[in-house]
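A structural walkthrough
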Amino acid sequence: GQDSIPLYKEMWRFLTTYDWMWFALSGFVLMVMAGVTSYKKARAKMSYETWWMVHILTYAAVAASFMHQVINGQMFIGHPLNRAYWTLLYVLMAGAIIYWRFWVPFYRSMKVNLKVEKVIVEGPGVVSVIMKGKHLDTLNAQGGQFFSWRFIDKNHWYQSHPYSLSAAPTNNKLRITVKALGDSSSQLSKLKIGTRVFIEGPYGIFKASSARAGRHIVLIGGGVGITPLRAIMEEFDPTTQIDVLYRASTNEDLVLKDELDKLANKIGAKVHYLVGSRKDHPISYEYLKKLLPNFADTEVFVCGPQPLVDAVKQAAKRAGIPKNRFHDEAFAFHD
């Protein structure tokens, strides 16, 4: 303004006369892309794979934005101590990323030597992937938790996807059950036996050990959201009273039904199949109270689409169930 220079000319001067400004501009663009694609409406129009790649580029955005700060910043020019301190912070951050996001997953994946053992089609668009490895107990995983999975083949190696365990982990096997929603999940049925698997995790507190001993447990799942609940069922003490409410639009949408029936019979749980429209099975306080007269005294685990989770949360609130007895996991990238 003082020099009476148009904004576009001043911007061009910045880019062409100051060092590292083109890198700074690219970092700015990448950071804006990450922000815009996090917006609900923008995210709904993108595949998970595209969204994931954009956010991975945030690392590049931070890296590209570093040099112009220490070369052009007034607080660094002529202040070597300031520059050294700022540089050290970036080096420590880069080291943390390399160690925790790359080295630790790589080391643990090589240690357990996880490979695809079997791929099972469970229903329309739903597949289970069984993986075999060694020393899996060192991962300390529990049913209900999730890993980020990277299948090392030409279609999946460059992407990592979060999927919950659909069976309690053993010393040598892990299993996930996935519904085809995006490009990657649709291709899981084509995985070849022996494909190496890299993992990151386990993550999450959606697990049986979060519940208080002696409580009546209610597990509420919608669609493929039943998978971590099926894994959790195996983790409870055999004396635990368990009711499972499985919400689905059609009988074809009941994933792992035979397994649920066998497991329920084995541990003495009761499964309620709520098949049909929302009008037939409104997940409201009144409806849940009718199914489970002692609903207010139970501990609730719910997993499924966000509307289902919200409905159960509202019902639990009306029943007076405190927050420490309510556990939820929403399967929602899109609404």
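Anything mentioned here points back to the structure above.
This text gives an overview of the structure that appears in the document. In this text, all values refer to a predicted model and were calculated from it rather than measured experimentally. (Residues numbered from 1 in each chain as written. Predicted model: local features only at pLDDT ≥ 70, side-chain atom pairs only at ≥ 80, totals over all residues. Heavy atoms only, no water.)

A look at the overall build of the protein
Broken down by element type, the protein carries twelve helices and eleven strands. Principal-axis analysis of the C-alpha atoms gives the protein an extent of 80 × 45 × 35 Å. Residue pairs in contact within the protein that sit at least 24 positions apart in sequence constitute 69% of those at least 6 positions apart. Counting only carbon and sulfur atoms, one obtains 59% of the accessible surface of the protein, whose full area is about 18800 Å². (Helix = DSSP H or I, 4+ residues; strand = E, 2+ residues; numbered from the N terminus. Contact = heavy atoms within 4.5 Å. Areas by Shrake-Rupley, 256 points an atom, 1.4 Å probe, with all protein chains shown as cover.)

What about the pattern of salt bridges?
Oppositely charged side chains can pair when the atoms bearing their charge come close. As enumerated under the stated definition, the model contains eight salt bridges in all. Between Glu10 and Arg13 there is a salt bridge whose closest N-O contact spans 3.0 Å. With Glu10 and Arg13 both in helix α1 (residues 7-17) and three residues apart, this pair spans about one turn of that helix. A salt bridge links Glu234 to Arg230; the shortest N-O distance between them is 2.4 Å. (Salt bridge = Lys/Arg side-chain N within 4 Å of Asp/Glu carboxyl O.)

Notes on the pairing of strand β8 (residues 242-248)
Within β8, seven of the seven residues are buried, which leaves the element mostly enclosed by the surrounding structure. What you see with β8 is no split at all: Ile242, Val244, Tyr246 and Ala248 on one side and Asp243, Leu245 and Arg247 on the other are buried throughout. The sheet contact formed by strand β7 (residues 216-222) and β8 spans six bridges and is parallel. Pairing of Ile217 across the sheet is with Ile242, part of β8. The parallel pair β7 and β8 is bridged by helix α9 (residues 226-233), and the resulting crossover is right-handed. With six bridges connecting them, β8 and strand β9 (residues 270-275) associate as parallel partners. Within the sheet, the bridge partner assigned to Val244 lies in β9 and is Val271. Note that the unit made of β8, helix α10 (residues 257-267) and β9 has a crossover that is right-handed. (Buried < 20%, exposed > 50% of the residue type's maximum accessible area, 1.4 Å probe, protein only. Pairing = 2+ DSSP bridges. Right-handed = clockwise from strand over helix to strand, strands pointing away.)

Considerations on the sheet that holds strand β4 (residues 161-164)
One open sheet accounts for three strands, arranged β4-β3-β6; its pairing is antiparallel. The outermost strands of the open sheet, each flanked by one partner alone, are β4 and β6 (197-203). Taking the axes of each pair of neighbouring strands and ignoring which way they run, one obtains an average angle of 30° across the sheet. Bridge analysis of strand β3 (residues 146-151) against β6 gives five bridges, and the strand direction is antiparallel. If you follow Arg150 over to β6, its bridge partner there is Phe198. (Axes fitted to C-alpha atoms, helices over the stretch in contact; angles between N-to-C directions.)

Things to note about the layout of surface pockets
One number sums up the size of the second largest pocket: a volume of about 330 Å³. Arg101, Phe102, Arg150, Ser160 and Glu200 are the residues nearest the centre of the second largest pocket, which is lined by 15 residues in total. Breaking the lining of the second largest pocket down by element, the ones donating at least two residues are α4 (48-56), α7 (80-112), β3 and β6. With four residues, the top contributor of residues to the lining of the second largest pocket is α7. (1 Å grid on protein atoms, 1.4 Å probe; cavity = no way out; pocket = protein on both sides within 12 Å on 5 of 7 lines; lining within 4 Å. Points joined across faces, edges and corners; volume = space filled by probe spheres on them.)

Let's talk about the sheet that holds strand β11 (residues 326-330)
By definition, the strands of a sheet pair up through backbone hydrogen bonds, in either a parallel or an antiparallel sense. Strand order across the open sheet formed by five strands is β9-β8-β7-β10-β11, with parallel pairing between neighbours. Looking at the sheet topology across the chains shown, the edges are occupied by β9 and β11. Sheet twist, expressed as the mean angle between neighbouring strand axes with direction ignored, is 10°. Lying over the sheet, α9 contacts β7, β8 and β10 (298-304), oriented at roughly 155° with respect to β7. Sitting on the sheet, α10 is in contact with β8 and β9, with an inclination near 150° to β9.

Concerning the packing of helix α2 (residues 21-37) against α4
Between α2 and α4, the shortest axis-to-axis distance is 9 Å and the interhelical angle comes to 145°. The interaxial crossing formed by α2 with α4 has left-handed handedness. Two secondary-structure elements touch here, α2 through Met33, Ala34 and Thr37 and α4 through Trp51, Val54 and His55. Of the residues in the contact of α2 with α4, the class split is four nonpolar, two polar and no charged. (Left-handed = near helix turned anticlockwise from the far one by under 90°. Nonpolar A, V, L, I, M, F, W, Y, C, P; charged D, E, K, R; others polar.)

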